[in-house]
Number of protein chains: 4
Amino acid sequence: MKIKVGIMGVYGYMGGEALRVLLRHPQVELAWLTSRAPGPVSLHHPNLHGCDLHTVSEDAIGDCDVALLALPTATALSAAARLLDRGIRVIDLSAAFRLRDRAVWERLYAMPHSHWSLARQAIYGVNELHAPLIAAADLVANPGCFASAAILAFAPLLSRRLVDPERLLVTGISGTAGAGAELSPLLHHPAMANNVAAYNVVDHRHSYEIEQELSQLHDAPVSVHFTPAYAPFVRGILAICSAFPHEPLTREQLLELYAAYYTGQPFVKIVDAPAETAVAWQHRPYPQVSAVAGTNYCHIGLDIDQRRQRIVVFSVLDSLGKGGAQVAVENLNLMFGLARDSGLQYYAAQPC
Amino acid sequence: MKIKVGIMGVYGYMGGEALRVLLRHPQVELAWLTSRAPGPVSLHHPNLHGCDLHTVSEDAIGDCDVALLALPTATALSAAARLLDRGIRVIDLSAAFRLRDRAVWERLYAMPHSHWSLARQAIYGVNELHAPLIAAADLVANPGCFASAAILAFAPLLSRRLVDPERLLVTGISGTAGAGAELSPLLHHPAMANNVAAYNVVDHRHSYEIEQELSQLHDAPVSVHFTPAYAPFVRGILAICSAFPHEPLTREQLLELYAAYYTGQPFVKIVDAPAETAVAWQHRPYPQVSAVAGTNYCHIGLDIDQRRQRIVVFSVLDSLGKGGAQVAVENLNLMFGLARDSGLQYYAAQPC
Amino acid sequence: MKIKVGIMGVYGYMGGEALRVLLRHPQVELAWLTSRAPGPVSLHHPNLHGCDLHTVSEDAIGDCDVALLALPTATALSAAARLLDRGIRVIDLSAAFRLRDRAVWERLYAMPHSHWSLARQAIYGVNELHAPLIAAADLVANPGCFASAAILAFAPLLSRRLVDPERLLVTGISGTAGAGAELSPLLHHPAMANNVAAYNVVDHRHSYEIEQELSQLHDAPVSVHFTPAYAPFVRGILAICSAFPHEPLTREQLLELYAAYYTGQPFVKIVDAPAETAVAWQHRPYPQVSAVAGTNYCHIGLDIDQRRQRIVVFSVLDSLGKGGAQVAVENLNLMFGLARDSGLQYYAAQPC
Amino acid sequence: MKIKVGIMGVYGYMGGEALRVLLRHPQVELAWLTSRAPGPVSLHHPNLHGCDLHTVSEDAIGDCDVALLALPTATALSAAARLLDRGIRVIDLSAAFRLRDRAVWERLYAMPHSHWSLARQAIYGVNELHAPLIAAADLVANPGCFASAAILAFAPLLSRRLVDPERLLVTGISGTAGAGAELSPLLHHPAMANNVAAYNVVDHRHSYEIEQELSQLHDAPVSVHFTPAYAPFVRGILAICSAFPHEPLTREQLLELYAAYYTGQPFVKIVDAPAETAVAWQHRPYPQVSAVAGTNYCHIGLDIDQRRQRIVVFSVLDSLGKGGAQVAVENLNLMFGLARDSGLQYYAAQPC
């Protein structure tokens, strides 16, 4: 018997991606879809020509086992509450339930949090860290894309307390899909196509998600210094993560640590190109965003500067994939006892 | 029982795409893969990290039911012959067996054709035109990407003899994946990223494939005037096809004609946006290459200039998808009595 | 003594480009600049940091010798009239005064033309055709970008009556700067970056400008079949122009014809790469948009299909340069007896 | 009387840019140009159609006042020596003479340094720091592009000893022009167009240039942790520079410091957008690479995270402009007593 899934907000990039992926999930049946202006889904998603589904407004939605919410944060707060009241489990892709410090949340999102009891019961959806809790959760707070990338990059170091917790630096380079479908001068093609645009360069909201998770692993407060920038491509993000080790380490020690930490995780791959292969056509020694575009994979690579004792970890994932709609499906699989990779077993197109 | 498939030449873009798609084909088992420098496939395809397959050299290949050849034309000629001799059916993705006029082929490809008897028995693989022949074929000549796009765009007009057969014009705009993995000054990123590059602007080899197929539909010779250009994106092609009708026609008549012609074809979609929806975010009235990237779909749209009586037909497909490796899989499905869309049922990521 | 120049509408792409070019014109003094929201120009043009100019509203503008109007067509109609009344010569970059058939203009622009007597006295600003008239004009109608490209591409053929005047086909490929600074779903970076978007695919307004000028050269009506598309780059356009000769011609005859026709024209260059050089790094046999980006040059190349007797002419220019603001400066030079290339003597950056 | 200038190596991107800029320098006369395969310059630079200059081989070069060397480092070593012997002043754009520690140089460039006495007399060409020395120099070592960007970004902080000198972090995002004209799998358009490629991620050669200059300003050793990446655009680089202040600072204090430090410098602009203007179309609060593409400008912006006390400085410049060929011209102006901005007074095209 298939899991009945509803999606709220399929006209945005995140909801559209959830729809595209669930359409071919072998154990899922789409119960309903909502959007601001109900109609045929192919009207807003020209890639879905031939797909006969229609969206409805929220008051017309029926029953289902679980709902994915691809809504603005302010809207998601109450929508999640209504669905949970009806006994529907919820995977929320907004920022509504990601933080455990109410004062911080209310400052960052500039509004009172109307459902703090839900935030307290929500499980943060990095499944490499919290799989058992996610499996049992009624409400999963799907993580921010840069938060996922940075947490996966730093987790092995912090869980072993190997680095200075006050000097964790992340530069994030994001494709423009990460900014969403809303028009803005920042994303007008002529202005963006040969440009790089840093934004929210200090005190970014995702910093707090990263600090929250890494502090728990480190068992003490940490400081994450995060600066993101949009670059002129569409899908995927690269997090360049720097840390300073307490003791000298080698590249080999680090690779072993990471390989061990992620053993058994189906979607995190440690990429380490033997030096002699680095000249092969199309081959590069570090993770590439194009290699994970459209998928649920996260590729991680790393290096260490022996002279200056700095570790640099590279983490790539698709903000709509492992950083968004597809990791939501991975969480759904966990919540319903399905194989972790059900509906997610495919590789990126190359080139793309 | 699964179909055993071999692929020759998986390190190029075309072979890599065939591999990626067949990896998740439910009724296919990969028997062997070849490449110039045998080794793990992920070495050349960073998207396939986690896939444990290796390539072998041709002399190590075993048995299989069918082989896909993603080789240079000169190499494919003899490789196809060797495989057919062993009783292996062949889908050839090169230009080795596409033309029925030997003198033309030998002039265009600047070599003698060493296996003309095979060329005579090969079936040209536009399956919307030749499905029954493909089903029974031992050797399928997979069509060129622009040939597929233009043939699908013009076929309804020519089969009804509605337009001047001497004035069929095609401008092709191709992403750079169409040029292959070989390095060239034309495709160096700094030189190409803000450029448009016309190439082979008259007497292009694909013109002859198009003329061959359309002449058969028209039952008389036709002239195709084709000019391609690379534009700075990666996946997909747009064919802008102009024709001059003998009698005045309306847009509605044309849309009806096209809808009727392609009824029942799973991968050709006639895209017609109601005028009132053309302002929706992300919506456009004509087919878009990004909507078919990475898939086996061909989207077709059209219009007619009532004042000057010119028909323009837009045809988009992915040169590695419906224009290459994926249509080869569709042909494979036909050859083995599988559902036409087996292993090909997915939509393009959006945005991408 | 310097020419005093005013610019109306410097916050758009076209007005901004006029400003940038005139800032370094040795014989021009900027008298005033207008914009919808008056303020420092660097506020809207981050490239102009360090330039201390401010814009004013129209009612604050003073005297000058000539004004460049970079305004919407409807606004330009009356602004031109007001300036001409004050004795100021006008170069209008909108479509307000480009056509000589009032009924056609009013249909295409969907409004009554409030100043038709001005339209009748305006000179169409392709200076390779109309230099003496432009020199004496009070009102110059700067041509559309694709109109310029196609007129320059076809003029030698039409003026010699060498081709079928009913079968002139143009495919235009434009960078997104041609669409202007106004936000639109069509130009949202994630939607456009890997896409090609055909628009106004039949009966485009520029068709009529091209037909008007070519009919005059041909001394009989002509039909231009024009289809434009945006491709994912920013600056420049490529017009691919096809025509069918009455008599067989050779490539060499055509190159001679074009070289002779454009002798003495400082900004039209016939590009003909010797075959043996076509393999040089970065070198290509046909004109490239990147080679003229940011400049007032138009590069033209051509070929002929001997088998099918089709001529193809490639014409590249920058829609804000030779197709817009810079050709307006070239016209200004003509109007004031300056050297034709004054302030315009520079080449494109490469790569760019 | 004009300065006679020779350029060695005009077929690469750097030499081509030097040529393009010097062609319109009012006080410069081009004495000779060299390239590996002598011929007309437009053969390799399609942007220069209409320019009648030819290159010669090195043995055919005549006299001149100064030579710009756009050669590989190994070749530049001896070429500089030969020219200096002839009494020709030299501006070297390679890395041959940039470092003052011979052992470090020989390790980084993997060769013995054949002319160390020249390296000792060379002046490092960041003219905001060393103008008087450059004016008197016979040999100027033009700085690396990321070195220029990072030095200009950090100089005000280090010269005042305001930050922890051991924790200076730089992420560099470069357009692909920075990688040069040499073909490579890394820069094949299909592989790069939707990708981000980190390279030389630890112990990059430019780190040592930055440390050398900042140590001098700080009057004590510093550590620079530098990681560069190519992103899919062509011109320009963005350096994201992080530092940790000893004492709490405000954004306003920092802006004042930077404004004062760069007072009187014609090509360094401190970009600070008032918050209320940040919503204007096309406007962004931080420096943008497209605003300096093709020019000699460096735009600097900054911010500080009050909670975590991290300073972030953004520095943008064009690696072929202020980071390469154009700063070489600025240095040339200094060496010959010309106005610092002679031949360099123009702004970037927008959009581009």
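Owing to the predicted nature of the structure, the values given are computational and were not obtained by experimental measurement.

Rules used in this analysis
- Residues numbered from 1 in each chain as written.
- Chains lettered and ligands numbered in written order.
- Predicted model: local features only at pLDDT ≥ 70, side-chain atom pairs only at ≥ 80, totals over all residues.
- Heavy atoms only, no water.
- pLDDT = per-residue confidence, 0-100.
- Phe/Tyr/Trp six-rings, centres within 6.5 Å; stacked < 30°, edge-to-face > 60°.
- Helix = DSSP H or I, 4+ residues; strand = E, 2+ residues; numbered from the N terminus.
- Lys NZ or Arg CZ within 6 Å of the ring centre and 35° of its normal.
- Buried < 20%, exposed > 50% of the residue type's maximum accessible area, 1.4 Å probe, protein only.
- Pairing = 2+ DSSP bridges.
- Right-handed = clockwise from strand over helix to strand, strands pointing away.
- Salt bridge = Lys/Arg side-chain N within 4 Å of Asp/Glu carboxyl O.
- Contact = heavy atoms within 4.5 Å.
- Buried area = accessible area lost by both parts, 1.4 Å probe.

S.K.: Give a description of the confidence of the model for chain A that names residues and reports values.
M.R.: Of all residues in chain A, 97% attain a pLDDT of 70 or more, and the chain-wide mean is 94. Interface confidence in the predicted complex, given as ipTM, is 0.96; pTM for the same model is 0.97.

S.K.: Talk me through the packing of aromatic side chains; I want residue IDs and the actual numbers.
M.R.: Taken as a whole, this structure holds 28 aromatic pairs over all chains when the rule is applied. For the pair Tyr199(C) and Tyr230(C), a centre-to-centre distance of 4.2 Å together with 5° between the ring planes defines the contact as stacked. One end of the pair, Tyr199(C), is in the loop between β8 (197–198) and α8 (205–218); the other, Tyr230(C), is in strand β9 (residues 224–230), and 31 residues separate them in sequence. Joined through ring pairs, the aromatic side chains of Phe267(A), Tyr297(A) and Tyr347(A) make up one cluster. A cation sits over an aromatic face here: Arg308(D) above Tyr208(A), 4.7 Å from the ring centre.

S.K.: Just give me the short version of the pairing of strand β1 (residues 3–8) of chain D, but keep the residues and values in it.
M.R.: Residues and elements named next belong to chain D. β1 sits mainly inside the fold: five of its six residues count as buried. Bridging between β1 and strand β2 (residues 28–34) involves six bridges; their strand directions are parallel. Along β2, the bridge assignment pairs Met8 with Thr34. Chirality of the crossover, the property in question, places the unit of β1, helix α1 (residues 13–22) and β2 among those that are right-handed. Pairing of β1 with strand β3 (residues 66–69), which is carried by four bridges, proceeds in the parallel orientation.

S.K.: Lay out the pattern of salt bridges with the relevant residues and their values.
M.R.: Counting across every chain of the model gives 76 salt bridges over all chains. Close ionic contact of Arg308(A) with Asp305(A) constitutes a salt bridge, the shortest N to O distance being 2.8 Å. Since its relative accessible area comes to 3%, Asp305(A) is described here as buried. Across the pair Arg100(D) and Glu213(D) runs a salt bridge whose closest N-O atoms are separated by 3.7 Å. Of this pair, Arg100(D) sits in the loop between β4 (89–92) and α3 (102–108) while Glu213(D) is found in helix α8 (residues 205–218), placing the two residues 113 residues apart along the sequence. By sharing partners, the salt bridges in this structure join Arg107(A), Asp203(A), Glu211(A), Asp305(D), Arg307(D) and Arg308(D) into a single network.

S.K.: For the interface of chain D and chain B, give the residues involved together with the corresponding values.
M.R.: In this complex, chain D contributes 20 residues to the contact, which on the side of chain B involves 20 residues. Buried surface at the junction of chain D and chain B, both sides included, amounts to about 1400 Å², of which 68% is carbon and sulfur. Connecting chain D to chain B are zero salt bridges. With four residues, helix α7 (residues 189–192) of chain D is the single largest residue contributor to the side of chain D that touches chain B.

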